[in-house]
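Structural overview for review
Residues per chain are reported as follows:
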Amino acid sequence: MRPINPRVEAVPRSGIRVILDLASRPGVVHLEIGQPNFLTPAHIIDAADAAARAGHTGYTANAGLPELCDALSTTLASDNGVQAGVDQIVVTVGAMGALYAACLAVLEPGDQVLIPDPGYPNYHMAATLCGAETVRYPLLPEAGYQPDLDALAAAIGPQCKAIIVNSPSNPTGAVLSEASLRGVVDLAERHDLYVISDECYEKIVFDGRHISPAALAPGSDRFFTVSSVSKSYAMTGWRLGYVAAPAAMVPQLTKLQESIVGCAPVLSQHAALAALTGPQDAVREMCAAYRSRRDLAVELLQPHGLCNYRPGGAFYLLVDLPGEVDDTYDYAKRLLQERDVAVAPGETFGAGGAGRVRISTATSDDLLREGIGRLIEFAVATG
Ligand SMILES: Cc1ncc(COP(=O)(O)O)c(C=O)c1O
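Everything quoted here is computed from the prediction, not taken from an experiment.

Let's talk about the overall build of the chain
- Tallying secondary structure elements over the chain gives 13 helices and 13 strands in all.
- For the chain, the C-alpha radius of gyration of 20 Å lies close to 21 Å, the compact-globule estimate for 383 residues.
- Counting only C-alpha atoms and orienting by the principal axes, one finds that the chain spans roughly 55 × 55 × 50 Å.
- Going through the 383 residues of the chain one by one, you find that 49% of them count as buried.
- Excluding contacts between residues fewer than 6 apart, the proportion of contacts in the chain whose partners are at least 24 apart in sequence is 75%.

Encoded structure:
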């Protein structure tokens, strides 16, 4: 047999999924997966149901329903300060689809792309599939996981074509400050880099405020603003995301949609339209719940020296493990075997996750308390 594509073989699986696959037995407390434990709000489900019954069950335009692109253009302007016309928006299969399309649109074999360390594993996966090399720039734990702008500047070489930014962040929960984002945008302008900004936790902010990098450089054509309805509206399974891109890129991104998925699922597009244009109370309620769970997690972990910062958003927290932990995959597997708690191994997010595990607070208060209790017992006993 001829060999399979080595790029596909080279892509590592996400450690989150590795642990999730091992954890499918009753009694396990799941703190590994970033999946809201809320149901999609009823009015959104009703809109999808009504669309199906009205016969809207066929393909849509590759870039998405015009009325959804219109609503996204309006929301980006009102909520994010990002001016993107209807013709600059492409609706995708989740933010993952948007990130991958943006990477495919700009990255060639031999290019480098800067990604945060620690950062969401799919950035490395997407870039590797494009044949590009990832260069990780450090987020500083001692600065609440803001980027180290000097180290970032030093990492930019002649092959660098793009930078991926993520705020609020997975896995740290940090909300990047305006100073950090201005620093990133300045560097992108100085070195002529595309900026791919992953903002899928934008509505889950407790401290500070969400800033879209594209809003800091109006009129610039280097920004891909990526987001989705997955986390904000508890819609992970609907697989609906989008990208607002430079106008010249849109025909290329649309072609990518055509070649890979044709279009995002039509009923999910109708659901997303209802999500964006309907009442936002559920978003606020879910955000308040994540905030109180963030406080609970910090309150439980801090006295043991297992957490030295307070995430400003998203629903994640990096736990500092005591003692010398050489392999966080091994640690997560032992924790699962011995205490029935599933967490994400820090190293799946890059070297910056070494000696740490990530917990997700997207679960009930009781399960969160139980899971963290078991994690603390294990950390204290083995640390
Ligand atoms: C940082 C980040 N970006 C993108 C995604 C993908 O989101 P979606 O469900 O919209 O594809 C996730 C999902 O966990 C994520 O954490």
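Looking at the site of the ligand
- Taken together, 13 residues lie near the ligand, and G94, A95, N170, S228 and S230 sit nearest.
- For the shell around the ligand, the leading source of residues is helix α5 (residues 94-106), giving three residues.
- Taken together, the residues of the shell around the ligand break down into four nonpolar, eight polar and one charged.

Focus on the sheet that holds strand β4 (residues 133-140)
- Read from one edge of the open sheet, eight strands run β2-β9-β8-β7-β6-β3-β4-β5, paired in mixed fashion. One side of each edge strand has no neighbouring strand; the edge strands of this open sheet are β2 (89-92) and β5 (146-147).
- As judged from the five bridges shared by strand β6 (residues 160-166) and strand β7 (residues 194-198), these two strands associate in the parallel manner. Among the inter-strand pairings, N166 is bridged to a residue of β7, identified as D198.

Details of the sheet that holds strand β13 (residues 356-360)
- Taken together, three strands build an open sheet; the order of strands is β10-β13-β12 and the sheet is antiparallel. Looking at the sheet topology across the chains shown, the edges are occupied by β10 (316-320) and β12 (344-345).
- In this sheet, β13 lies alongside β12 in antiparallel orientation, the contact comprising two bridges. Paired with A344 across the two strands is R358, which belongs to β13.

Details of the domain arrangement of the chain
- Domain assignment breaks the chain into domain 1 (6-40 + 281-382) and domain 2 (54-277).
- Each of domain 1 and domain 2 has a C-alpha centre, and the two are 24 Å apart.
- The interface of domain 1 with domain 2 comprises 35 residues on the first partner and 36 residues on the second.
- Of all the elements in the fold, those that place two or more residues in the side of domain 1 that touches domain 2 are α1 (6-10), α11 (281-301) and β10.
- Looking at the side of domain 1 that touches domain 2 element by element, the count peaks at six residues for α11.
- Tallied by class, the residues present in the side of domain 1 that touches domain 2 amount to 20 nonpolar, eleven polar and four charged.

Some remarks on unusual backbone geometry
- In this chain, D117 is followed by P118 through a cis amide linkage whose omega measures 5 degrees.
- Summarising the element assignment, P118 is placed in the loop between β3 (112-117) and α6 (121-129).
- In this model, N170 is joined to P171 through a cis peptide bond whose omega is 20 degrees.
- Structurally, P171 can be placed in the loop between β6 and α8 (178-190).
- Here Y145, not a glycine, exhibits a phi torsion of approximately 65 degrees, which is positive.
- Within the element layout of this structure, Y145 appears in the loop between β4 and β5.
- In this structure Y145 comes out as buried when scored by C-beta crowding, with 24 C-beta atoms within 10 Å.
- The phi dihedral of D340 falls on the positive side, at around 60 degrees, and the residue is not glycine.
- In this fold, D340 is placed in the loop between α12 (328-339) and β11 (341-342).

Topic: the packing of helix α2 (residues 15-22) against α12
- Running from N to C, α2 and α12 point in directions that differ by 25 degrees, and their axes come no closer than 11 Å. Taken together, the axes of α2 and α12 lie roughly parallel to each other. Crossing hand, α2 versus α12: right-handed. Between α2, through G15, I19 and L22, and α12, the contact on the second element is made entirely by Y329, A332, K333 and L336.
- Counted by class, the contact of α2 with α12 contains five nonpolar, one polar and one charged residues.

Notes on the pairing of strand β9 (residues 241-244)
- Going residue by residue along β9, you find G241 and V243 tucked away on one face and Y242 and A244 tucked away on the opposite face as well.
- Alignment of β2 against β9, held across four bridges, turns out to be antiparallel. Across the sheet, residue I89 finds its bridge partner in β9, namely A244.
- Where strand β8 (residues 223-228) meets β9, four bridges bridge the pair, whose relative direction is antiparallel. Opposite V226, over in β9, you have V243 as the bridge partner.

Points about the nonpolar core
- Of all hydrophobic cores here, the largest spans 117 residues; its most connected members are L99, A102, V195, V243, V319 and V343.
- Sort the elements by how many residues they give to this core and α5 lands first, with ten residues.
- For this core, the domains that each give at least three residues are domain 1 (6-40 + 281-382) and domain 2 (54-277).

The rules behind the values
Residues numbered from 1 in each chain as written. Predicted model: local features only at pLDDT ≥ 70, side-chain atom pairs only at ≥ 80, totals over all residues. Helix = DSSP H or I, 4+ residues; strand = E, 2+ residues; numbered from the N terminus. Rg over C-alpha atoms; globule rule 2.2 N^0.38 Å. Buried ≥ 20, exposed ≤ 12 C-beta atoms within 10 Å, placed from the backbone. Contact = placed C-beta atoms within 7 Å. Near = placed C-beta within 6 Å. Nonpolar A, V, L, I, M, F, W, Y, C, P; charged D, E, K, R; others polar. Pairing = 2+ DSSP bridges. Domains from an automatic or database assignment. Axes fitted to C-alpha atoms, helices over the stretch in contact; angles between N-to-C directions. Parallel < 35°, antiparallel > 145°, perpendicular 65-115°, else oblique. Left-handed = near helix turned anticlockwise from the far one by under 90°. Core = buried A, V, L, I, M, F, W, Y, C linked by C-beta atoms within 7 Å.

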